[in-house]
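Now for the letters of each chain:
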Amino acid sequence: MPTDEEVPVPPVVPDALEPALEELPVLTVRDTVIFPGALLPITVGRPSSVALVQSLGENRHLALVSQLDPRLDTPAAEDLYKVGTVCVMHKAIRVPKDNLLLFCEGIDRIRTREFTATEPFLRATVERIAEIEPAVTSEVEALRQNVVTLFQQIVTNSPNLSDDLAATANHIPEPGKLADFVAGNLPALSHTERQALLEQTDAVARLNEIHRHLTRELELLELRGRIQSQVQGQLSQSQREFYLREQLKAIQKELGEGDDTQRDIEELRDKLEAAGMTEEVKTEAMRELNRLSRMNSASPEYGVARSYLEWMANLPWSVSSGSQVDIKRAAEILDEDHYDLEKVKDRILDYLAVLQLRPVLKGPILCFVGPPGVGKTSLGRSIARALDRKFARISMGGMHDEAEIRGHRRTYIGALPGQVIQALRRAGVNDPVFMLDEVDKLGRDFRGDPASALLEVLDPEQNATFRDNYLDVPFNLSKVLFITTANVLDPVPDALRDRMEIISLEGYTEQEKVMIAFRYLIPRQTRENGLAPETDIHFSEDAVRFIVRRYTREAGVRGLERGIGSICRKQARRIAEGTRDGLMEVTPELVEKDLGAPRFRTDTELAERTRRAGVAVGLAWTPVGGDVLFIEAGRMPGGSKGLIMTGQLGPVMQESVQAALTWVRGNAARYGIDPELFKTSDIHIHVPAGAIPKDGPSAGITMAAALLSMLTDRLVRPNLAMTGEITLTGQVLPVGGIKEKVLAAKRSGVREVILPIENEVNVREDLKTEQIGEMKIQYVKSMEEVVDLALEPHTA
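Scoring rules and cut-offs
All residue numbers refer to positions counted from 1 along the written sequence of the respective chain. Only residues with pLDDT of at least 70 are given local features in this predicted model, and only at 80 or more are side-chain atom pairs given and counted; all residues enter the totals for whole chains, interfaces and linings. Hydrogens and water molecules were not included; the side-chain quantities draw on all heavy atoms of the structure. Only runs of H or I of at least four residues qualify as helices and only runs of E of at least two qualify as strands under DSSP, and these elements are numbered from the N terminus. We call a residue buried when its accessible area falls under 20% of the maximum for its residue type, exposed when it is over 50%, and partly exposed in between, using a 1.4 Å probe and counting protein chains only. Throughout this description, the term nonpolar core refers to a set of buried Ala, Val, Leu, Ile, Met, Phe, Trp, Tyr and Cys residues connected via side-chain atoms within 4.5 Å. Contact definition: two residues touch when any of their heavy atoms are within 4.5 Å. Working definition: a ring pair exists when centres of Phe, Tyr or Trp rings (six-membered ring for Trp) sit within 6.5 Å. Plane angles under 30 degrees give stacked, over 60 give edge-to-face, the rest tilted. Charges are assigned to positions over rings by a cutoff of 6 Å between ring centre and Lys NZ or Arg CZ, combined with an angular limit of 35 degrees from the ring normal. Note on pairing: two strands pair once DSSP finds at least 2 bridges between them. A fitted line through C-alpha atoms serves as each axis, taken over the contacting stretch for helices, and the angle formed by two N-to-C directions is quoted from 0 to 180°. Every case where a carboxyl oxygen of Asp or Glu lies within 4 Å of a side-chain nitrogen of Lys or Arg is listed as a salt bridge. Only four residue types enter the charge count: Lys and Arg as positive, Asp and Glu as negative, with His and the chain ends excluded. Polar contact is defined as a pair of N or O atoms within 3.5 Å, subject to the rule that within protein one atom must be able to donate a hydrogen and the other to accept it, and that residues adjacent in sequence are counted only when both atoms are side-chain atoms. Left-handed describes a crossing whose near helix is turned anticlockwise from the far helix by less than a right angle; the clockwise case is right-handed. Note on residue classes: Ala, Val, Leu, Ile, Met, Phe, Trp, Tyr, Cys and Pro are nonpolar, Asp, Glu, Lys and Arg are charged, and everything else, Gly too, is polar. Throughout this description, any angle smaller than 35 degrees is read as roughly parallel, any larger than 145 degrees as roughly antiparallel, any in the 65 to 115 degree range as roughly perpendicular, and the remainder as oblique. Scored between 0 and 100, pLDDT is the confidence that the predictor attaches to each residue. By convention in this document, the label disulfide applies to cysteine sulfur atom pairs within 2.5 Å.

Digging into unusual backbone geometry
Thinking step 1. Omega for the peptide link from Glu119 to Pro120 comes to -5°, which places this bond in the cis form.
Thinking step 2. By the secondary structure assignment, Pro120 is in the loop between β6 (99-117) and β7 (123-128).
Thinking step 3. If you check the backbone angles, Gln648 has positive phi at about 55° while not being a glycine.
Thinking step 4. Turning to its location among the elements, Gln648 is positioned in the loop between β19 (643-646) and α23 (651-666).
Thinking step 5. Within the chain, Asp713 stands out as a residue other than glycine whose phi angle is a positive 60°.
Thinking step 6. As for its position among the elements, Asp713 is in the loop between α25 (700-712) and β21 (720-722).
Thinking step 7. On the basis of relative accessibility, which here comes to 61%, the residue Asp713 falls in the exposed class.

Shown next, in the form of structure tokens:
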């Protein structure tokens, strides 16, 4: 059907005198009200409405009545308003989708009396409502003029309304007709308001109602104008969204729907009130909140201030764990989580006992020092569990920026508090167990020195008023139990070391590693690899000892756990492939099959490398525990270089070589060495492995023994190791790291150790009888005693 096809309509005949009641077809419309005197296009598409239009003959009058519920497709009589408008249809045009566009002119108000038909369309008996014309008084005229003036102002300020409407309204003298004209052309009126005006028969009352609506509409137009003038200076392409939001907020405020920004401010205020801050901090927070409330929400400063207040509100200013220290329960938890470490546990329990008696103790900062894998970090977790407190941890390794501790100032983009404050927020309490891991690996560059920033954090006299650069208010850290860990203390600055109580964790013996494996490592690895220890895999003690001796040489147990985990994964693969059923017994042979050839030769390496004269075994301390050190001495006739030292020896170790050589040359006659030999030969000292840097004075007596062995051609006794500093007069001075060195000697198969006599107290305090085992320890005061004990006699 072509668009805009005009349907023939009989010509209009003049209205005759209508009776009081008449029957008319009823055209139901949605959300539409037509006033008498108004010409309005109406689109209809219901079958009943189309049938109604097609049934109109010469009398083109119809009753136009609005639905109560616009969602109904087929309204009945009870679904319509009682008051409508009798209209005359001037033209009907077909439009797409089989709809009709009707041009209807309102004639009179009507009230439906009785519906006489419902099919094919509604018909009803209607009564035309007479207009109540008021007397023309000065009040009525003043009201009419006010309505005209307001309507003209609205037309002027509304670009969608034609200026002709204002002129037309000015030429309507009748109050009732003026009210109907304005109501039909005022777009702000809702359907309900239009229907109410249609049902109002009193012209003055209708005009008063129109006056009220015009006043409201004019206020809204003026408000929009004020908003536009306020933001016009700031309006740009990037601020278009802000402008629309401002208009929306103004409309919501006028409608009483509230302001989201104001609600956010009040929520923040409630959070800050409930945070439990000190008065000083609360005053600063409220000052910042009042500043935020005066900011524009689109301002960049608004987001910065809002983030700051969110941090302030969410920090645990007064939230504590509140649990009492139970020293017996703490001891049980430490024993449950860690094997041995009795000295360490005693010192921890001493501290916790004082904390139980005096909960507000500003105690020392504990520092666990020891090689990797001995349980420093897990000890901190156990302490937190024993105290029933939250556990927070920060890794300090590689940290270079001082702001990582103290935070950045808010003037920087993306500024945040330091790691200390962030960790406290995550913990949610102000008294967690706080571990600062790897403090010996802190960096230092142009951005600052984090170790210096830690001085305030770890000082019990200062950290009660710790001031983060971002917060810029004091925060009390005195309730936090700080624990630090380090592998070595040398890189830690003296000022920082002075604030900590050092607790050393040395390496484990073979027996301790075996016990740890059966108690902790094997159950954990079987569980993590999906195996059942009762039905899938069982480790024999010989197999575990074989892994410890031949595949690991460490102070801790990480390498041991990796080996156990590798065997468990091999078994898991066999079970998954269906090549193994039932319980598998792990033996040394199976260990070698799954882990490959052994990496270390513990019992034979020492004997093989000391078969020739000039080779002695020393003991060294490293950050990962003790280790054995081979010292090799050689002589080259006819040389002119004197002393050659290789093996990346540090300056202190080079001085030890010089001191050892001086003692040997000074005592050459005593041991039958030709003094001329030193003039005609080059002496070479080498310390494998050459790629590893070495330093320290503790290999002095080993250097002298190797030189004397080479020059006298006397072998060093097999399976013997020694450590001690030598002086030019041949005295043997004490050295450090005795426990680590003795344990390393035992791991390497050494059966006899020579130590300075002044280190005897360290052996008694740090080493248990089962740790020493069958190994023999000899104590010496002078180099002569070392020679008598270490070198084999001349063979005939």
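So, the environment of Thr112
Thinking step 1. On the secondary structure map, Thr112 appears in strand β6.
Thinking step 2. Taking the C-alpha atoms as reference points, Thr112 and Leu24, 88 residues apart in sequence, are found 9.7 Å from one another.

Some words on the nonpolar core
Thinking step 1. Grouped together as the largest cluster of nonpolar side chains are 56 residues, with contacts concentrated most on Met312 and Phe434.
Thinking step 2. Broken down by element, this core gets its largest block of residues, seven residues, from helix α10 (residues 300-314).
Thinking step 3. Each residue touching Met312, except ones within four places of it in the same chain, is listed here: Leu272, Met277, Val281, Ala285, Trp317, Leu471 and Val473.
Thinking step 4. Val325, Leu481, Leu531 and Val591 belong to the second-largest nonpolar core, a separate cluster that totals 51 residues.

Regarding the packing of aromatic side chains
Thinking step 1. With the rule as written, the count across this model stands at six aromatic pairs.
Thinking step 2. Considering the side-chain rings of Trp663 and Tyr671, the 6.1 Å spacing of their centres and the 50° angle between planes classify their relative orientation as tilted. Each of the two residues, Trp663 as well as Tyr671, counts as buried.
Thinking step 3. Just above the ring of Tyr308 sits the side chain of Arg410; from NZ or CZ to the centre is 3.7 Å.
Thinking step 4. The side chain of Arg425 reaches across the aromatic face of Trp311, ending 4.1 Å from its centre.

Re the sheet that holds strand β13 (residues 481-486)
Thinking step 1. The parallel open sheet is built from five strands, whose spatial order is β9-β10-β13-β8-β14. This sheet does not close on itself; its edge strands, each paired only once, are β9 (391-395) and β14 (500-504). Neighbour to neighbour, the strand axes of the sheet diverge by 20° on average, direction disregarded.
Thinking step 2. Against the sheet, helix α12 (residues 342-357) engages β8 (365-369), β13 and β14, with an angle of about 150° to β14.
Thinking step 3. Here helix α13 (residues 376-387) sits on the sheet in contact with β8, β9, β10 (433-437) and β13, set at roughly 175° to β10.

Remarks on the pattern of salt bridges
Thinking step 1. Per the stated rule, a full pass over the model turns up 39 salt bridges.
Thinking step 2. As a salt-bridge pair, Arg269 and Glu266 come within 3.9 Å of each other at their nearest N and O atoms. Here Glu266 and Arg269 lie together in helix α8 (residues 260-274), a separation of three residues that amounts to about one turn.
Thinking step 3. Accessibility expressed as a relative area gives 34% for Glu266, which makes it partly exposed.
Thinking step 4. Because the salt bridges share partners, they merge into one network encompassing Glu288, Arg291, Glu301 and Arg410.

Describing the side chain of Arg714
Thinking step 1. Tracing the sequence through the fold places Arg714 in the loop between α25 and β21.
Thinking step 2. For Arg714, which is buried and forms no salt bridge, the nearest opposite charge comes from Asp788, at a distance of 5.7 Å.
Thinking step 3. A polar atom in the side chain of Arg714 sits 2.9 Å from the backbone oxygen of Glu792.
Thinking step 4. Apart from the residues within four sequence positions on either side, Arg714 is in contact with Ala613, Tyr671, Ser709, Val787, Leu791, Glu792, Pro793 and His794.

A few points about the environment of Lys593
Thinking step 1. Here Lys593 is to be found in helix α21 (residues 588-595).
Thinking step 2. Classification of Lys593 as exposed rests on a relative accessible area of 64%.
Thinking step 3. In this structure, the C-alpha to C-alpha distance between Lys593 and Ile567, residues 26 residues apart in sequence, is 9.6 Å.

Things to note about the pairing of strand β4 (residues 61-66)
Thinking step 1. Among the six residues of β4, six are classified as buried, and the element is accordingly described as predominantly covered.
Thinking step 2. Bridging between strand β2 (residues 21-29) and β4 involves four bridges; their strand directions are parallel. Bridge pairing links Thr28 to Val65 in β4.

Digging into the packing of α12 against α13
Thinking step 1. As a packed pair, α12 and α13 sit with axes 12 Å apart at the nearest point and diverge in direction by 35°. Relative to α13, the crossing made by α12 is right-handed. Counted together, Val344, Ile348, Leu352 and Leu355 of α12 and Leu379, Ile383 and Leu387 of α13 form the full contact between these two elements.
Thinking step 2. Of the residues in the contact of α12 with α13, the class split is seven nonpolar, no polar and no charged.

So, the packing of helix α11 (residues 327-337) against α12
Thinking step 1. Closest axis-to-axis distance for the α11/α12 pair is 10 Å, and the angle between their directions is 155°. Between α11 and α12, the angle falls in the class roughly antiparallel. Between α11 and α12 the crossing geometry is right-handed. On α12, the residues that touch Ile327, Ala330, Ala331, Leu334 and Asp335 of α11 are Lys345, Ile348, Leu349, Leu352, Ala353 and Gln356.

Some points on the side chain of Asp468
Thinking step 1. Inspection of the secondary structure assignment puts Asp468 in the loop between β11 (466-467) and β12 (474-475).
Thinking step 2. Here Asp468 occupies a buried position and makes no salt bridge, while the nearest side chain of opposite charge, Arg406, is found at 8.0 Å.
Thinking step 3. At a separation of 3.0 Å, a polar atom in the side chain of Asp468 contacts the main-chain amide nitrogen of Gly418.
Thinking step 4. Beyond its immediate stretch of four places on either side in the chain, Asp468 contacts Ile405, Arg406, Gly407, Pro417, Gly418, Ile421 and Val473.

Examining the confidence of the model for the protein chain
Thinking step 1. Summing up the model confidence of the protein chain, the mean pLDDT is 83 and the portion of residues at 70 or higher is 91%.
Thinking step 2. Across residues 1-19, confidence stays below pLDDT 50; counting only partners more than four residues off in sequence or on other chains, it has 22 contacts.

A closer look at helix α16 (residues 450-457)
Thinking step 1. Of all the eight residues making up α16, seven are buried; the element is thus mostly covered by neighbouring parts of the structure.
Thinking step 2. Pro450, Ala451, Ala453, Leu454, Leu455, Glu456 and Val457 are the residues of α16 that are buried.
Thinking step 3. The inward-facing, buried residues of α16 abut α14 (403-406), α15 (419-427), β10, β11, β13 and α17 (494-498).

Details of the state of the cysteines
Thinking step 1. Scanning all chains against the criterion turns up zero disulfides.
Thinking step 2. For Cys104, which is in no disulfide, the shortest distance to another cysteine sulfur is to Cys87 and amounts to 5.6 Å.
Thinking step 3. With relative accessibility at 0%, the residue Cys104 sits in the buried group.

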